[in-house]
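Working through the structure, step by step
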Amino acid sequence: MCPASTSRVTQLLVNWGHGNQDAREELIPLVYSELRRIARRYLTHERPDHSFESAALVNEAYLRLAHQQPTHWQNRAHFFAVAAQLMRQILVDHARKRGAAKRGAGAPRLTLDEEVALPQVREVDLVALDDALNRLAGLDPNQSRIVELRFFGGLSIQEASIVLGCSPATVKREWSTARLWLQREMKTIS
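Description of the structure in this document. These figures come from a predicted structure and were not determined experimentally. (Residues numbered from 1 in each chain as written. Predicted model: local features only at pLDDT ≥ 70, side-chain atom pairs only at ≥ 80, totals over all residues. Heavy atoms only, no water.)

Describing the overall build of the protein chain
Helix and strand counts for the protein chain stand at 8 helices and 2 strands. The secondary structure elements of the protein chain, listed N-terminal to C-terminal, are α-α-α-α-β-β-α-α-α-α. The buried share among the 190 residues of the protein chain stands at 48%. (Helix = DSSP H or I, 4+ residues; strand = E, 2+ residues; numbered from the N terminus. Buried < 20%, exposed > 50% of the residue type's maximum accessible area, 1.4 Å probe, protein only.)

This is the structure we're talking about:
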């Protein structure tokens, strides 16, 4: 996204946060391709017969965004982080509804990227990962949020630092610690 487009997106987000529904409608075409990229990232790690397609996941996330209370968006990275969080919730809700209480019983599965997530763990049950992230949030909400922003939202260290209002060095350190904690946690689940 070019700088002019980025500033336009930010301005539309601010206007939408102040209740301007026209700004929301103007925003969607500008961010749709990035939302589809986030959705595709999620869905490429799902089982082949998963019932969601990226457009459907984006549409469901958009509907949830449109029907929530006005959000005071900080910037475009904040918007995409919230959208990614909603997509995660949608997929986890879907998995839980499909009877995924028994780990591995047809539950959607994610393959975690080596550079992003858990070394030596190639495939992780989405519901198990969500449960582990919820436990991490109880211990360290900031680390849980960083995992969400980096893994699910696809944000860089720099973008996550902007959303969280802390230094890139802090995000990098917390990201490393969270990955190690999740690695250990996910091994005990397996």
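So, next bit.
What about the pattern of salt bridges?
Overall, the coordinates contain 12 salt bridges when judged by the stated rule. One salt bridge in this structure joins E26 and R8, with 2.2 Å as the shortest N-O distance. Highlighted residues: E26 in helix 2 (residues 21-43) and R8 in helix 1 (residues 3-17), separated in sequence by 18 residues. Among the residues examined, E26 registers a relative accessible area of 38% and is labelled partly exposed. Among the salt bridges present, the one from D130 reaches R96, with a minimum N-O distance of 3.1 Å. One end of the pair, D130, is in helix 5 (residues 126-139); the other, R96, is in helix 4 (residues 76-97), and 34 residues separate them in sequence. Judged by relative accessible area, D130 falls into the buried class, the value being 9%. (Salt bridge = Lys/Arg side-chain N within 4 Å of Asp/Glu carboxyl O.)

Considerations on the nonpolar core
Counting 53 residues, the largest nonpolar core has F79 and M87 as its most contacted members. Residue assignment for this core shows that the elements contributing at least two residues are helix 1, helix 2, helix 3 (54-67), helix 4, helix 5, helix 6 (141-152), helix 7 (157-164) and helix 8 (168-189). For this core, the element with the most residues is helix 4, which contributes 12 residues. (Core = buried A, V, L, I, M, F, W, Y, C linked by side-chain atoms within 4.5 Å.)

What about the side chain of H78?
Following the sequence through the fold, H78 ends up in helix 4. Residue classification places H78 among the buried residues on the basis of a relative accessible area of 11%. For H78, the side chain forms a polar contact with the main-chain nitrogen of Q74, separated by 3.1 Å. Setting aside residues up to four positions removed in sequence, H78 forms contacts with T71, H72, W73 and V163. (Polar contact = N/O pair within 3.5 Å; in protein donor to acceptor, adjacent residues only side chain to side chain. Contact = heavy atoms within 4.5 Å.)

Re the packing of aromatic side chains
Inspection of every chain in the model, using the stated rule, returns 4 aromatic pairs. With a centroid separation of 5.6 Å and 35° between ring planes, the pair formed by W16 and W73 is classed as tilted. Remark: W73 occurs in the loop between helix 3 and helix 4 and W16 occurs in helix 1; sequence separation between them is 57 residues. Owing to a relative accessible area of 6%, W16 belongs among the buried residues under this scheme. Taking the centre distance of 5.3 Å and the plane angle of 70° together, the rings of F79 and F80 count as edge-to-face. Here the aromatic cluster, defined as three or more aromatic residues joined through ring pairs, consists of W16, W73, F79 and F80. Lying across the ring of W175, R150 places its NZ or CZ 4.9 Å from the centre. (Phe/Tyr/Trp six-rings, centres within 6.5 Å; stacked < 30°, edge-to-face > 60°. Lys NZ or Arg CZ within 6 Å of the ring centre and 35° of its normal.)

Some words on helix 7
Residues of helix 7 that are buried: I157, A160, S161 and V163. Buried residues along helix 7 cover an arc of 160° about the axis, so they all sit on one side. Where helix 7 terminates, the next one or two residues include G165, which has phi positive at roughly 70°. (Arc of directions from axis to C-beta.)

A closer look at helix 6
For helix 6, spanning 12 residues, the distance from its first C-alpha to its last is 16 Å, which sits close to the expected 16 Å at 1.5 Å a residue. Counting buried residues in helix 6 gives 10 out of 12 residues, a clear majority hidden from the surface. Within helix 6, burial applies to Q143, S144, R145, I146, V147, E148, L149, R150, F151 and F152. The N-capping residue of helix 6, defined by a side-chain oxygen 3.1 Å from the backbone nitrogen of N142, is D140. Following helix 6 by one or two positions, G154 adopts a phi angle in the positive range, close to 70°. (Expected span 1.5 Å × (residues − 1).)

Let's talk about the packing of helix 6 against helix 7
At a closest axis distance of 10 Å, the pairing of helix 6 and helix 7 adopts a crossing angle of 130°. Overall, the two elements helix 6 and helix 7 adopt an arrangement that is oblique. As for how helix 6 packs across helix 7, the hand of that crossing is right-handed. Contacts between helix 6 and helix 7 involve N142, R145, I146, L149 and R150 from the first element and I157, A160, V163 and L164 from the second. The residue makeup of the contact of helix 6 with helix 7, split by class, is 6 nonpolar, 1 polar and 2 charged. (Axes fitted to C-alpha atoms, helices over the stretch in contact; angles between N-to-C directions. Parallel < 35°, antiparallel > 145°, perpendicular 65-115°, else oblique. Left-handed = near helix turned anticlockwise from the far one by under 90°. Nonpolar A, V, L, I, M, F, W, Y, C, P; charged D, E, K, R; others polar.)

Fair warning: the whole summary comes from geometry, so function is off the table for now.
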